[in-house]
Amino acid sequence: MPETVMDSLTLSHFLLTGAVLFCLGLIGFITRRNLIIMFLCTEMMFQGVAVSLVAFSRFHLNDTGQTFVIFVLTIAAAEAALALGLVVLLFRRKRTLDSLVWSQLSG
Amino acid sequence: MPIELIKLIPWIPLLGAVLCGICCMKPAWRKAAGPISVLSIFIPFLITCGVYSTASGLVGDDKLQTVYQWMGVGGFKVNMGYFVDPLTMIMLFVITGIGSLIATYAMGYMKGERGYARFFMGVSLFIFAMTTLVMADNLVLLYLGWEGVGLCSYLLIGYYYDKPEAVAAAKKAFIVNRIGDLGFALGIFLTYMTYKSVSLSAVTTQASEFVANGIDPTSADLWIPFLLMLGAFGKSAQIPLYVWLPDAMAGPTPVSALVHAATMVTAGVYMIARLIPVFQLSPYALPTVAAVGGVTALLAGTIALCQYDLKKVFAYSTVSQLGYMFLGVGALSTFGGIFHLFTHAFFKALLFLTAGSVMHALAGQLDLRAMSGLRHKMPVTCWLMFAGCLALAGFPFTAGFFSKDTILAETLIVGMEGSTLFYFLAILGLLTAFLTAFYTFRLWFRVFMGPEHYEMGDEHGHGDDDGHGDDHGHAHEPHEMPWWPMNAPLAILAVGAIFAGMFFHTWMHESIDASTAHPIAVPAVDSHAQAEPAYSIIQVASDAEGHGNEADAAHADGHHHTLLGMDVHLAMQIISAFIALAGIGLAAYFHWLNRPLTDQIAKKFGVVVEVLYNKYYVDELYDAVIVKPLRMLGHGFYLFDQFVINGLVITVGYLPRLAGWSVQPTQSGKMQGYGLGMVFGVAVAALLVFKWAF
């Protein structure tokens, strides 16, 4: 079997990728105010976690992580449908996507 | 008639009260309340008459007629049971007999009043409580009746609940009675502790044995009479708790006659007479009772001299006559006390009801100054009240004459035995007898004699044109009351007021001697007679009282006391006959024949009249000494509650708010803020986990 680039990659590279994805999503979620962007950022955090899980699955040579990821993706898809619907409703209420207008919980 | 029927006596009026209460519901039924109430009092009267011969002959345990066991806690058992002896029968005759006459009168008097059915409900309920009181075979049941009559008195005084003074009077009566009843309740507790029973027969039997054996009283024995006495003073309106009775005249007049003259107020006298051995145990109890009674009699008599309100005069006279009864039982003459109670019920009910007739005829006018010479307008009422006045004044051979003289003579005998106190009290009593004759006839001459003149009161629509048979309303002219249902009962009372003393003297004496109220004779302790003045003097007196028992061992020197060379009773009758005639004569001179002179004299002694008119300022004194300080104390407590306790609670309430306020800025309401907070939280948790895990 010819040595490919893939072979030289270790678990750490995958975990790092996942962590970077997660952190980027997190930073995006915290810094952006557009509801759709914020929602996309949460999806990115999901994907970061999913990458880590798949990497572990490969590392341990079992299917647990991958199975788990499949479930996460399924639920994320359903949740995306719901969340986008909610975003549409919120938009209709205030004619803006700015998340700052939703701050009734201010103490 | 079977004796068991006596158990029904209290329950028939209670049934009557319930029926009257039902009558309140529909206007069409209300008229039935009067006859129902009268029947519910009259039937017990018939039962009383029917069972009298059996009931007065009962001996031993037969006297106890138990209906059911009321309560039982361990060894403490209280029965709903009745104690039937001649004293009970006397009281039942008074309550149901006089009660049905007054209720009959009230049917006419209250006609057209709002709350007609409510009034009769109160009256029937009162008779239930009062009969329970006098029939009770134990102190707890007696206390139930005692409080029941207090409640009914409160309800009936406050009958005109839209009049502020009636409401105030009702509250005053209730609160003043509470003070006395507290003492009475404590007395009952102490009695149970001492005698291990609350049964009247058990207590009196034990106490009688103690007295007869000359046992040294324990401290409980000394205290019980004083506590019981306090209850009697409250209920029977004696110093210092008499202030409620004059105010209680704010109720309808039949109530004043029934509750506040004939029956309820005599409960104190009945109670002391019933428990006389218990009072004999304490050497100072009966002299205290007598002294309070004598002083109250005089004090109330002087106040009655200068009152202008028709009913107030009779109210103070009631206080004064109750004072006589206490003087009587205090001198160990329970016969005198109860006899006076009996005759007083007749003539004072008569006087109040005739006063009610006058008030009715003058549309609520009660001021003596606003009426005069009514004898032509109301001839029947005039002579009925005359009969009552004669009896109250102690005119020779009327009812009041015999009973009052018995009391005075017995008191004097105790005085002659060497007790200065009783000597003094007998003189007070004679003085009061003079005042009584004077103020009674002052009223009568003022109202019915002299030039005709009257001012109508302001009670329009007070039973106007309501089937009196006369076409004109009240606002025009005073008119005589109809014979039925008003004057006929009064005529019966008038006959009683004149003749009850003559006819019932012997019967009463035998009845009292056969009941537990008969004072206990103690073996003579002559050597100690001087050492223990109050105690032994009374005992000796009690023996001297026994008219026929000349061979009594206890009779120290074996001779009857004489006054002016006669038997004390006879001498006293002659003296007080003259005193009564003098009082009546003076009243006739000052208040009939020569009124201008009276006014001049009154002006000359303006200060005295003013003080008497204002009842010695006792109400003001109580207000300043008791009511105001209590109110201040209450206000102080209110402030303490408001600022200290409430402040503390409010401070505690502020703490959570303060805590919330301190973390409130963290709730920005912005999603990013929460997100950041979550991230930090997870980060800290992760750091901790990793720190401990590795």
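Note that the structure is predicted; figures quoted are calculated from it, not measured.

## Description of the overall build of chain A
Now for step 1: Along chain A, the regular secondary structure elements total four helices and zero strands.
Now for step 2: Seen in sequence order, chain A has helices and strands lined up from the N terminus as α-α-α-α.
Now for step 3: Over its C-alpha atoms chain A spans a radius of gyration of 18 Å, topping by over 25% the 13 Å that the globule rule assigns to 107 residues.
Now for step 4: Overall, the C-alpha framework of chain A stretches about 60 × 30 × 25 Å when taken along its three principal axes.

## Observations concerning the overall build of chain B
Now for step 1: A count of helical and extended segments in chain B gives 26 helices and six strands.
Now for step 2: When the backbone C-alpha atoms are referred to their principal axes, chain B occupies close to 125 × 70 × 60 Å.
Now for step 3: Nonlocal contacts in chain B, meaning residues at least 24 apart in sequence, comprise 81% of its contacts between residues at least 6 apart.

## Some words on the interface of chain A and chain B
Now for step 1: At the junction of the two partners, chain A supplies 10 residues and chain B supplies 10 residues.
Now for step 2: Each residue belonging to the side of chain A that touches chain B can be placed in one class, and the counts come to five nonpolar, five polar and no charged.

## Things to note about helix α1 (residues 11-23) of chain B
All names here are of chain B.
Now for step 1: The end-to-end C-alpha separation of α1 is 18 Å, in line with the 18 Å expected for 13 residues at 1.5 Å each.
Now for step 2: Where α1 is concerned, the buried positions are Ile12, Pro13, Gly16, Ala17, Leu19, Cys20 and Cys23. Along the long axis of α1, the arc covered by the buried residues comes to 165°, so they all point the same way.
Now for step 3: Turning to α1, the residues buried within the fold contact α2 (33-55) and α4 (116-135).

## Here's the deal with the packing of helix α5 (residues 139-157) of chain B against helix α6 (residues 164-195) of chain B
Residue and element names in this part refer to chain B.
Now for step 1: The geometry of α5 relative to α6 is characterised by a closest axis approach of 9 Å and an angle of 175° between their N-to-C directions. The orientation of α5 relative to α6 falls into the category roughly antiparallel. Only Ala166, Ala169, Ala170, Ala173, Phe174, Asn177, Asp181, Phe184, Ala185, Ile188 and Thr191 of α6 make contact with α5, whose side of the interface consists of Leu139, Val140, Tyr143, Trp146, Glu147, Gly150, Ser153, Tyr154 and Ile157.
Now for step 2: Here the residues of the contact of α5 with α6 are counted per class, giving 14 nonpolar, four polar and two charged.

## Some remarks on the pairing of strand β2 (residues 76-83) of chain B
Residues and elements named next belong to chain B.
Now for step 1: As paired elements, strand β1 (residues 64-73) and β2 share eight bridges and run antiparallel to each other. Considered in β2, the bridge of Thr66 is made with Gly81.
Now for step 2: Hairpin geometry of β1 and β2 is characterised by an intervening segment of two residues between the two adjacent antiparallel strands and by a positive phi of about 60° at Gly74.

## Comments concerning the environment of Ala304 of chain B
Now for step 1: Mapped onto the fold, Ala304 of chain B is located in helix α13 (residues 285-305).
Now for step 2: Separated by 16 residues in sequence, Ala304 of chain B and Ser320 of chain B have C-alpha atoms that sit 8.9 Å apart.

## Digging into the environment of Gly388 of chain B
Now for step 1: By the element assignment, Gly388 of chain B lies in helix α16 (residues 379-393).
Now for step 2: With near-sequence residues (within four places) excluded, Gly388 of chain B lies in contact with Phe347, Leu350, Leu351, Thr354, Ala494 and Ala497 of chain B.

## A word on the nonpolar core
Now for step 1: Core analysis: the biggest nonpolar cluster contains 208 residues, and Ile338, Ala349, Leu350 and Ala497 of chain B have the highest contact counts within it.
Now for step 2: The next biggest cluster of nonpolar side chains, apart from the first, holds five residues, and it includes Phe46, Ala50, Val51 and Ala55 of chain A.

## Observations regarding the confidence of the model for chain B
All names here are of chain B.
Now for step 1: Averaged over all residues, the pLDDT of chain B equals 87, while 92% of them reach at least 70.
Now for step 2: Across residues 461-474, where pLDDT falls below 50, the model places 17 contacts with residues more than four positions away in sequence or in other chains.
Now for step 3: Here residues 524-559 is a poorly scored stretch, pLDDT under 50, and it has 51 contacts once near neighbours within four places are set aside; other chains count.
Now for step 4: Complex prediction metrics read pTM 0.78 and ipTM 0.83.

## Quick look at unusual backbone geometry
Now for step 1: The residue after Ile239 of chain B, namely Pro240 of chain B, is reached through a cis peptide bond having omega 5°.
Now for step 2: When you line up the elements, Pro240 of chain B lands in the loop between α8 (219-235) and α9 (244-247).
Now for step 3: Trp484 of chain B connects to Pro485 of chain B through a cis peptide bond whose omega is 0°.
Now for step 4: Its place among the elements puts Pro485 of chain B in helix α19 (residues 483-513).
Now for step 5: With phi around 55°, Leu61 of chain A is a residue other than glycine that occupies positive phi space.
Now for step 6: For Leu61 of chain A, a count of 6 C-beta atoms within 10 Å corresponds to the exposed category.
Now for step 7: Positive phi, close to 55°, is recorded for Ala237 of chain B, a residue that is not glycine.

## Here's the deal with helix α7 (residues 200-212) of chain B
Residue and element names in this part refer to chain B.
Now for step 1: In this model, α7 (13 residues) spans 18 Å end to end at C-alpha, consistent with the 18 Å of a helix rising 1.5 Å per residue.
Now for step 2: When we look at burial in α7, the residues that qualify are Leu200, Val203, Thr204, Ala207, Ser208, Phe210 and Val211. When α7 is viewed along its axis, its buried side chains cluster within an angular range of 160° and face the same direction.
Now for step 3: Of the surrounding secondary structure, the elements contacted by the buried residues of α7 are β2, α5, α6, α11 (267-274) and α12 (276-281).
Now for step 4: Downstream of α7 by one or two residues, Gly214 has phi in the positive range, about 65°.

## A closer look at the packing of helix α2 (residues 11-31) of chain A against helix α3 (residues 35-60) of chain A
Helices that pack against each other are described as a pair by the angle of their axes relative to one another and the distance between those axes.
Residues and elements named next belong to chain A.
Now for step 1: Contact geometry of α2 with α3 gives a least axis separation of 7 Å together with a crossing angle of 165°. By the angle between their directions, the pair α2 and α3 is classed as roughly antiparallel. The element α2 and its partner α3 pack so that their crossing is left-handed.
Now for step 2: Its residues assigned to classes, the contact of α2 with α3 shows 18 nonpolar, eight polar and no charged.

## A short note on the environment of Arg446 of chain B
All names here are of chain B.
Now for step 1: If you trace the backbone, Arg446 turns up in helix α18 (residues 420-448).
Now for step 2: When the C-alpha positions of Arg446 and Arg595 are compared, they lie 9.1 Å apart, and in sequence the two are 149 residues distant.
Now for step 3: Here Arg446 is in contact with Leu368, Ser372 and His591, once residues within four sequence places are set aside.

Cut-offs used in this document
- Counting from 1, residues in each chain are numbered in the order their sequence is written.
- Numbering of ligands from 1 and lettering of chains from A proceed in the order in which they are written.
- In view of the model being predicted, local features appear only for residues whose pLDDT reaches at least 70, and side-chain atom pairs are presented and counted only at 80 or more, with totals across whole chains, interfaces and linings using the full set of residues.
- A run of H or I in DSSP counts as a helix once it spans at least four residues, and a run of E counts as a strand once it spans at least two, with each numbered from the N terminus.
- The globule rule used here is 2.2 Å times the number of residues to the 0.38 power, and the radius of gyration it is set against is calculated over C-alpha atoms.
- Residue pairs qualify as contacts under a 7 Å threshold applied to their C-beta atoms, which are placed from the backbone.
- Classification convention: Asp, Glu, Lys, Arg as charged; Ala, Val, Leu, Ile, Met, Phe, Trp, Tyr, Cys, Pro as nonpolar; all other residues, Gly among them, as polar.
- An expected span of 1.5 Å times one less than the residue number is assigned to each helix.
- Remark: C-beta atoms are placed from the backbone, and a residue is labelled buried if 20 or more other C-beta atoms sit within 10 Å of its own, exposed if 12 or fewer do, or partly exposed between those counts.
- Regarding the arc, it is the one traced by the directions from the helix axis to the C-beta atoms.
- Axis geometry follows a simple rule: fit a line to the C-alpha atoms, using only the stretch in contact for helices, then measure angles between N-to-C directions, giving values from 0 to 180 degrees.
- Under this scheme an angle from 65 to 115 degrees is roughly perpendicular, one under 35 degrees roughly parallel, and one over 145 degrees roughly antiparallel; angles in between are oblique.
- A pair of strands is considered paired only if DSSP assigns at least 2 bridges between the two.
- Take the buried Ala, Val, Leu, Ile, Met, Phe, Trp, Tyr and Cys residues, join any whose C-beta atoms are within 7 Å, and the set you get is a nonpolar core.
- pLDDT expresses, on a scale from 0 to 100, how confident the predictor is about each individual residue.
- Left-handed describes a crossing whose near helix is turned anticlockwise from the far helix by less than a right angle; the clockwise case is right-handed.

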